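A look at the structure
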Amino acid sequence: NSKVIQTPRYLVKGQGQKAKMRCIPEKGHPVVFWYQQNKNNEFKFLINFQNQEVLQQIDMTEKRFSAECPSNSPCSLEIQSSEAGDSALYLCASSRQINSDYTFGSGTRLLVI
Amino acid sequence: GDKVKQSPSALSLQEGTNSALRCNFSIAATTVQWFLQNPRGSLINLFYLVPGTKENGRLKSTFNSKESYSTLHIRDAQLEDSGTYFCAAGDYGGSGNKLIFGTGTLLSVKP
């Protein structure tokens, strides 16, 4: 069982709806990453945090997603207005420091219909 | 893109046999991670490598940064080894601290 906890496991939303998923990083891991894995096994980096601060994010995340990692609360990733192309497995990972190994959660599988 | 090329894309093994998976990099990877994704979607961390070799049970992995490749050797394959294997390169110079993934090797181990 992963030490990174992601909820929910499955999420079904209509186009235009908000889709929110959560991640509890492994204890003692201040660095958190979000990736999107599509059905062709392509991984897209979305955003990462160190403690509560955003380190890097891509354009799509900046424009259409809302993400945060508040202290003492789960990290979250929310798509403001879901599109069919957002259907994918969203994976959260955490690490002890920026350039060390990652531990991944089991993912949230989003289906936008 | 093709910054991390994995081969083969699919592989079928008889239980008890050995095989090797490979990743070639067109970026200046400084670290490599290997993962196994099970049918539920969980990515299990197999190895984290700086240049060199690590071994864990029936698995052994090498990262050669000068020749820009990494290999994962599976010895005495078991049914539970089935799944999709991903390598991912850490390129802290070019892409910051993100991992760049290959598109996976789907391994099927048959009795």
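Below you will find a few notes about this structure. (Residues numbered from 1 in each chain as written. Chains lettered and ligands numbered in written order. Predicted model: local features only at pLDDT ≥ 70, side-chain atom pairs only at ≥ 80, totals over all residues. Heavy atoms only, no water.)

1. Considering the overall build of chain B
Helix and strand counts for chain B come out as zero helices and eleven strands. Taken from N to C terminus, the helices and strands of chain B fall in the order β-β-β-β-β-β-β-β-β-β-β. Over its C-alpha trace chain B gives a radius of gyration of 13 Å, about what one expects of a compact globule, namely 13 Å for 111 residues. Counting only C-alpha atoms and orienting by the principal axes, one finds that chain B spans roughly 45 × 25 × 20 Å. Taking contacts inside chain B between residues at least 6 apart in sequence as the whole, the part at least 24 apart equals 53%. Placing the 11 positive and 8 negative side-chain charges of chain B at their respective mean positions leaves the two points 6 Å apart. (Helix = DSSP H or I, 4+ residues; strand = E, 2+ residues; numbered from the N terminus. Rg over C-alpha atoms; globule rule 2.2 N^0.38 Å. Contact = heavy atoms within 4.5 Å. Lys, Arg positive; Asp, Glu negative; His and termini not counted. Charge placed at Lys NZ, Arg CZ, Asp CG, Glu CD.)

2. Digging into the interface of chain B and chain A
The interface of chain B with chain A comprises 20 residues on the first partner and 23 residues on the second. Carbon and sulfur atoms make up 50% of the surface buried where chain B meets chain A, a total of about 1700 Å² over both sides. Applying the counting criterion to the chain B and chain A interface returns zero salt bridges. Counting every contact that joins chain B to chain A gives seven residue pairs in polar contact (both at pLDDT 80 or more). Counting only elements with at least two residues in the side of chain B that touches chain A, the list comes to strand 4 (31–37), strand 5 (43–49), strand 9 (83–90) and strand 10 (99–101) of chain B. Counted by class, the side of chain B that touches chain A contains seven nonpolar, eleven polar and two charged residues. (Buried area = accessible area lost by both parts, 1.4 Å probe. Salt bridge = Lys/Arg side-chain N within 4 Å of Asp/Glu carboxyl O. Polar contact = N/O pair within 3.5 Å; in protein donor to acceptor, adjacent residues only side chain to side chain. Nonpolar A, V, L, I, M, F, W, Y, C, P; charged D, E, K, R; others polar.)

3. Some remarks on the packing of aromatic side chains
Residue and element names in this part refer to chain A. Using the criterion set out here, one finds 13 aromatic pairs over all chains in the structure. Taking 6.2 Å as the distance between ring centres and 45 degrees as the angle between the ring planes, the aromatic pair formed by Tyr35 and Tyr102 counts as tilted. Taken together, the positions of Tyr35 in strand 4 (residues 31–37) and Tyr102 in the loop between strand 9 (88–95) and strand 10 (103–104) put the pair 67 residues apart, joining distant regions of the chain. On the basis of relative accessibility, which here comes to 0%, the residue Tyr102 falls in the buried class. (Phe/Tyr/Trp six-rings, centres within 6.5 Å; stacked < 30°, edge-to-face > 60°. Buried < 20%, exposed > 50% of the residue type's maximum accessible area, 1.4 Å probe, protein only.)

4. Some remarks on the nonpolar core
Ranked by internal contacts, the top residues of the largest apolar core, which has 25 residues, are Phe25, Trp34, Leu46, Leu72 and Tyr85 of chain B. Contributions of two or more residues to this core are made by strand 2 (10–14), strand 3 (19–25), strand 4, strand 5, strand 7 (59–64), strand 8 (69–74), strand 9 and strand 11 (105–110) of chain B. Among residues more than four places away in sequence, those in contact with Phe25 of chain B are Lys3, Val4, Val32, Phe63, Ser68, Tyr69, Ser70 and Ala89 of chain B. Core analysis: the next-biggest nonpolar cluster, separate from the first, contains 21 residues, Met21, Cys75, Leu77 and Ile79 of chain A among them. (Core = buried A, V, L, I, M, F, W, Y, C linked by side-chain atoms within 4.5 Å.)

5. Comments concerning unusual backbone geometry
Along the chain, Thr7 of chain A connects to Pro8 of chain A via a cis peptide bond; the corresponding omega equals -10 degrees. With respect to the element layout, Pro8 of chain A can be found in the loop between strand 1 (5–7) and strand 2 (10–13). Across the junction of Ser7 of chain B and Pro8 of chain B, the peptide omega takes the value -10 degrees, indicating a cis bond. Secondary-structure assignment places Pro8 of chain B in the loop between strand 1 (4–7) and strand 2. Even without being a glycine, Asn51 of chain A presents a positive backbone phi close to 55 degrees. By secondary structure assignment, the location of Asn51 of chain A is in the loop between strand 5 (43–50) and strand 6 (53–57). Looking at Asn51 of chain A, the relative accessible area reads 42%, which means it is partly exposed. The phi dihedral of Ser68 of chain B falls on the positive side, at around 55 degrees, and the residue is not glycine. Secondary-structure assignment places Ser68 of chain B in the loop between strand 7 and strand 8.

6. Notes on the pairing of strand 11 of chain B
All names here are of chain B. Side chains Thr105, Leu107 and Val109 of strand 11 all project onto a buried face; the interleaved residues Leu106, Ser108 and Lys110 project onto a face where none is buried. Where strand 2 lies against strand 11, five bridges are found, and the strand directions are parallel. Bridge pairing in strand 11 places Gln14 opposite Lys110. Direction of pairing for strand 9 relative to strand 11: antiparallel, over a ladder of three bridges. Within strand 11, the position partnered with Tyr85 by the bridge is Thr105. (Pairing = 2+ DSSP bridges.)

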